[in-house]
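Structural features, examined
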Amino acid sequence: MNPHRRNLLTASILTGLASVAPAVTPTVASAATATPVRKTRELAPTPPMGWNSWNSFATTITEAQALENARIMAEKLLPSGYDVFTVDIQWYEPNANSYEYRKGAELAMDANGRLLPAPNRFPSAAGGGGFKALADQVHKLGMKFGIHVMRGIPRQAVRANTPVLGTQYRAQDIANTNSICAWNPDMYGVDMSKPGAQAYYDSIFALYASWGVDFIKMDDMSRPYDANWPEIEAARKAIQKTGRPITLSLSPGETDLKWALHVPHYAQMWRISDDFWDEWKLLHEQFTRLENWNPYMAANAWPDADMLPLGRLALGERDTKFTPDEQQTLMTLWSIARSPLIMGGDLRHLDERTLALLTNPEVLAVNQRSTANRPHRADAGTRIWSAQPAGQGNVHYLALFNTGDSATELVFDLSRLNLGGRQVKCRDLWARRDMAPVTGSVRQALAPHASVLLQLSA
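By convention here, each chain's residues receive numbers from 1 onward along its written sequence. The predicted origin of the model limits local features to residues at a pLDDT of at least 70 and limits the giving and counting of side-chain atom pairs to 80 or more, whereas totals for whole chains, interfaces and linings rest on all residues. Hydrogens and waters are ignored; side-chain quantities use all the structure's heavy atoms.

As annotated in an unreviewed UniProt entry, the protein is Alpha-galactosidase from Pseudoduganella albidiflava. Note on the protein: under the UniProt heading Sequence similarities (unreviewed entry), the record states "Belongs to the glycosyl hydrolase 27 family." Listed under Catalytic activity (unreviewed entry) in UniProt, the entry text for the protein is "Hydrolysis of terminal, non-reducing alpha-D-galactose residues in alpha-D-galactosides, including galactose oligosaccharides, galactomannans and galactolipids." UniProt positions are given in the numbering used here, feature names are shortened, and annotations may be inferred rather than shown by experiment.

1. Here's the deal with the overall build of the protein
The numbering of helices and of strands both runs from the N terminus, where a helix is a DSSP run of H or I of at least 4 residues and a strand a run of E of at least 2. Per the secondary structure count, the protein includes 12 helices and 22 strands. The size measure is the radius of gyration over C-alpha atoms, and the globule rule it meets is 2.2 Å times the number of residues to the 0.38 power. Taken over C-alpha atoms, the radius of gyration comes to 23 Å for the protein, in line with the 23 Å a tight globule of 458 residues would show. Along the first, second and third principal axes, the C-alpha set of the protein runs to 75 × 50 × 40 Å. In this scheme, a residue with accessible area under 20% of its type's maximum is buried, one over 50% is exposed, and one in between is partly exposed, where area comes from a 1.4 Å probe on protein chains only. Burial analysis of the protein (458 residues in total) assigns 59% to the buried set. The contacts in the protein between residues at least 6 apart in sequence include a share of 74% that link residues at least 24 apart. Every accessible area reported is derived by Shrake-Rupley at a probe size of 1.4 Å, with residue values counting cover from the shown protein chains alone. Carbon and sulfur atoms form 49% of the exposed surface of the protein, whose accessible area is close to 17600 Å². A residue counts as positive if it is Lys or Arg and as negative if it is Asp or Glu; His and the chain ends are not included. Positions of charges follow a simple convention, taking NZ of Lys, CZ of Arg, CG of Asp or CD of Glu. Positive and negative side-chain charges of the protein, numbering 46 and 45 respectively, have mean locations separated by a distance of 5 Å. Contacts are residue-level and defined by heavy atoms, with any inter-residue pair within 4.5 Å sufficient.

2. Re empty space enclosed by the protein
Two kinds of site are reported from a 1 Å grid over the protein atoms alone, namely cavities, where a 1.4 Å probe fits but cannot get out, and pockets, open sets with protein on both sides within 12 Å along at least five of seven lines, and residues are called lining when an atom falls within 4 Å of a point. Grid points are joined across faces, edges and corners, and a volume is the space filled by probe spheres set on the points. Within this structure, the stated rule accounts for 3 cavities of 30 Å³ or more. Of the voids in this model, the largest cavity is the one considered here, and its volume is about 90 Å³. Asn52, Thr86, Phe215, Lys217, Ser249, Ser251, Met269, Arg271, Asp304, Asp306, Met307 and Ile342 are the residues that line the largest cavity. For the lining of the largest cavity, the secondary structure elements donating two or more residues are β8 (215–219) and β10 (269–271). Grouping the amino acids of the lining of the largest cavity by side-chain chemistry returns 4 nonpolar, 4 polar and 4 charged. Of the voids in this model, the second largest cavity is the one considered here, and its volume is about 60 Å³. In this count, Pro and Cys sit with the nonpolar residues alongside Ala, Val, Leu, Ile, Met, Phe, Trp and Tyr, while Asp, Glu, Lys and Arg are called charged and the others, Gly among them, polar.

3. Some thoughts on the UniProt feature "domain: Alpha galactosidase C-terminal" (unreviewed entry) in the protein
Following the UniProt record, one finds the feature "domain: Alpha galactosidase C-terminal" (unreviewed entry) at residues 381–456. Across residues 381–456 one finds 0% helix and 62% strand; the C-alpha atoms that close the span lie 24 Å apart.

4. A few points about the layout of surface pockets
In this structure, the largest pocket spans a volume of roughly 160 Å³. Along its surface, the largest pocket is lined by 13 residues, and Trp54, Tyr101, Trp183, Asp219 and Asp275 are the ones closest to its centre. In the lining of the largest pocket, the residues fall into 5 nonpolar, 2 polar and 6 charged.

5. Looking at the domain arrangement of the protein
Here the limits of each domain have been adopted from an automatic or database domain assignment. Split by domain assignment, the protein resolves into domain 1 (49–359) and domain 2 (376–457). A separation of 35 Å is found between the C-alpha centroids of domain 1 and domain 2. Taken together, the contact between domain 1 and domain 2 spans 17 residues of the former and 16 residues of the latter. Buried area: the accessible area, evaluated with a 1.4 Å probe, that two parts lose upon being put together, summed over both parts. Summing both sides of the interface, domain 1 and domain 2 together bury roughly 1500 Å²; the carbon and sulfur share of this comes to 63%. Each salt bridge in this description consists of a side-chain nitrogen of Lys or Arg and a carboxyl oxygen of Asp or Glu lying within 4 Å of one another. Connecting domain 1 to domain 2 are 1 salt bridge.

6. Brief notes about the sheet that holds strand β14 (residues 341–343)
Strand order in the open sheet made by the 8 strands is β11-β10-β9-β8-β4-β3-β2-β14, with parallel pairing throughout. Of all the strands in the sheet, just β11 (302–304) and β14 have a single pairing partner and so form its edges. Adjacent strand axes in the sheet meet at a mean angle of 25 degrees, parallel and antiparallel pairs treated alike. Pairing of strand β4 (residues 144–150) with β8 involves 5 bridges; the strand directions are parallel. Each bridged residue has a counterpart across the sheet, and for Ile147 the counterpart in β8 is Ile216. Axis geometry follows a simple rule: fit a line to the C-alpha atoms, using only the stretch in contact for helices, then measure angles between N-to-C directions, giving values from 0 to 180 degrees. Those strands touched by helix α4 (residues 132–140) are β3 (84–87) and β4, and its axis lies near 140 degrees from that of β4. For two strands to be treated as a pair, DSSP must find at least two bridges joining them.

7. Quick word on helix α10 (residues 324–336)
A helix is expected to span 1.5 Å multiplied by its residue count minus one. Compared with an ideal rise of 1.5 Å per residue, which puts 13 residues at 18 Å, α10 spans 18 Å between its outermost C-alpha atoms and is within 8% of the ideal. Of all 13 residues making up α10, 11 are buried, and the element is well covered by its neighbours. Restricting attention to buried positions, one finds in α10 the residues Glu326, Gln327, Gln328, Thr329, Leu330, Met331, Thr332, Leu333, Trp334, Ser335 and Ile336.

8. Concerning the pairing of β4
Taken residue by residue, a regular strand's side chains alternate between the two faces of the sheet. Of all 7 residues in β4, 6 are buried, a share of seventy percent or more. Relative to β4, β3 runs parallel, the two sharing 4 bridges. If you follow Val84 over to β4, its bridge partner there is Lys144. Between β3 and its parallel partner β4, the chain crosses via α4, and the hand of that crossover is right-handed. By convention a crossover is right-handed if, when the strands point away from the viewer, the path from the first strand over the helix to the second runs clockwise.

As structure tokens, then:
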């Protein structure tokens, strides 16, 4: 094959990509078509931006490490809009030490079966203080504080049969011991048909609100969504009862498109895949998922392609495996498709190139303020998206991707954006420089796995 083959990319909008939600199966129809809970405020009018500890610290992060990263985040990333700081999974496990979970580990928990930060890792949590002191420090830095939680009730609470706060019921009355996470041994599901079930969720979210939590990443929600939607609704109801504006992020799993008319009413963002890591195969697969979910993307409802595994990762053992071209492709795709931007690398090792990648203001404007985002048809080995700056009808963003393993030249007919037959100004947003004007079509040579993000102005 000629490595410089020429691909003519037409700009017909991808039709049939779930533009109409698939029919809901009879067993879940009532849930998926029920009158949704009305949102009283927009918690995420633009895609959330922030940092999460998972990619770099796994289960092990401590209070000291969290504060180190938070201070760097406030200095380096907050000016560009990254304002959600999240402590990920197992902050309640005193001896967590890897990406694996210790079965049967003793967890930090109160008398009502509610998990607490392990005080040996988070000293300010001693005496029942929870995350209040850490959240206060994050807030003083000008950022929001987030935590990861698992769906359900601790198995430890069920064994001890702890009382559900404010009720006559106990953990064994509400636990569904047949609802078990396939990869984490800490929890049982909650049977939402049981008296006391909603009260348990109310009690844990009230606790989080008292700590000053602003963002909750709730895990084990979409495997399968069909079974877990009652607990998703329970979490949303519990958040509303707190009176605190808490953004809800659902994770992980490839949420089935048949729930596309349900999930936006109960969460502000939701994962569209299993855990995303720094492998080209996984990045390549995200193109199709983001295309499929694009019709349902809107303010306060963000399909989430997962965190950005950039910089220093995996307990400090390595840097990202993505090549520089793949890193730019990752940021270009997440931006043009308006996925949340959650940095996963250890900020204590943030290098200048990664910082520049994360903070390019012209690229971030596409993620935060574009409209009419849409994928277009393309030849095999290529992808293309377009969008527009809000309120600027004569300006278009154009993202061209070479997803193949050989260099190629992409050709895009500008008449498909109603820009044909006239000279068009062209700006490379990554390079932040104007290019020569174009007429008729855009021609772009790209290395394997590379991309370009252009702004076209009539």
